[in-house]
Amino acid sequence: MRKKVLVIEDEPVIAEMMSILLEIDGYSVISLADTGIARRKLHEKEVDLVMLDLGLKGESGQSMCAYIKGNEDLKDIPVILVSANSDLEQIKNECGADDYISKPFDMEHFMEKVRSYSQLVN
């Protein structure tokens with residue numbers, strides 16, 4: 001069964017690029033810009049990895065990450081922050097994210113991070 005990655009990104013071009021990279025590598029992708037819908041998808045227990053932008057419109061990515069990591073049913077899902085924010089290491093530590101990728105990112109580096117976390121998922 002293909003691993004399912006939830007991409008939470010509100011910039012359509014970046015969301016599309018991440019989705020294409022993931023699909024080419026054999027992942028099933030759900031791409032959303034809305035954190036409310038993303039929360040429902042997470043609770044359906046069909047997500048193996050979350051790629052999360054910090055600069056979302058509405059709820060911040062940091063808040064969404066803290067929600068995932070603070071929820072008993074969701075906390076084991078790896079979360080990788082994807083952002084141009086210069087304080088990514090500090091934000092990762094504050095919200096409990098597993099890792100981060102700085103924008104703009106190298107496509108191979110992006111996929112290496114995804115592969116390393118998707119292998120940890122059963």
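Below, the structure is looked at part by part. Being a predicted model, the structure only gives us computed values, none of them experimental.

## Re the sheet that holds strand S1 (residues 4-8)
Moving on, step 1. One open sheet accounts for 5 strands, arranged S2-S1-S3-S4-S5; its pairing is parallel. Only two strands of the sheet have a single partner each, and these edge strands are strand S2 (28-32) and strand S5 (99-102). The sheet shows a mean angle of 20 degrees between the axes of neighbouring strands, direction not considered.
Moving on, step 2. Here strand S3 (residues 49-53) pairs with strand S4 (residues 79-83) via 4 bridges, running parallel. Note on S4: the bridge partner recorded for leucine 52 is leucine 81.

## A word on the pattern of salt bridges
Moving on, step 1. Summed over all chains, the structure comprises 11 salt bridges.
Moving on, step 2. As a salt-bridge pair, lysine 103 and glutamate 9 come within 2.9 Å of each other at their nearest N and O atoms. Of the two residues, lysine 103 sits in the loop between S5 and helix H5 (107-118) while glutamate 9 sits in the loop between S1 and helix H1 (12-24), which places them 94 residues apart along the sequence.
Moving on, step 3. On the basis of relative accessible area, lysine 103 is assigned to the buried category, the value being 18%.
Moving on, step 4. On the basis of relative accessibility, which here comes to 2%, the residue glutamate 9 falls in the buried class.
Moving on, step 5. The partner of aspartate 99 in a salt bridge is lysine 113, and the shortest N-O contact between them spans 2.9 Å.

## Concerning the packing of aromatic side chains
The relative placement of two aromatic rings is captured by the distance of their centres and the angle of their planes.
Moving on, step 1. Applying the stated criterion across every chain yields a total of 1 aromatic pair.
Moving on, step 2. Relative to phenylalanine 110, the ring of phenylalanine 105 lies with its centre 4.8 Å away and its plane at 20 degrees, an arrangement referred to as stacked.
Moving on, step 3. For phenylalanine 105, a relative accessible area of 14% corresponds to the buried category.
Moving on, step 4. Across the ring face of tyrosine 67, the terminal group of arginine 39 is positioned such that the distance to the ring centre comes to 3.7 Å.
Moving on, step 5. A cation over an aromatic ring shows up here: lysine 113 above the ring of tyrosine 100, its NZ or CZ 5.9 Å from the ring centre.

Calculation notes
- Residues numbered from 1 in each chain as written.
- Predicted model: local features only at pLDDT ≥ 70, side-chain atom pairs only at ≥ 80, totals over all residues.
- Heavy atoms only, no water.
- Pairing = 2+ DSSP bridges.
- Helix = DSSP H or I, 4+ residues; strand = E, 2+ residues; numbered from the N terminus.
- Axes fitted to C-alpha atoms, helices over the stretch in contact; angles between N-to-C directions.
- Salt bridge = Lys/Arg side-chain N within 4 Å of Asp/Glu carboxyl O.
- Buried < 20%, exposed > 50% of the residue type's maximum accessible area, 1.4 Å probe, protein only.
- Phe/Tyr/Trp six-rings, centres within 6.5 Å; stacked < 30°, edge-to-face > 60°.
- Lys NZ or Arg CZ within 6 Å of the ring centre and 35° of its normal.

Take it as geometry only, folks, not as evidence of what the structure does.
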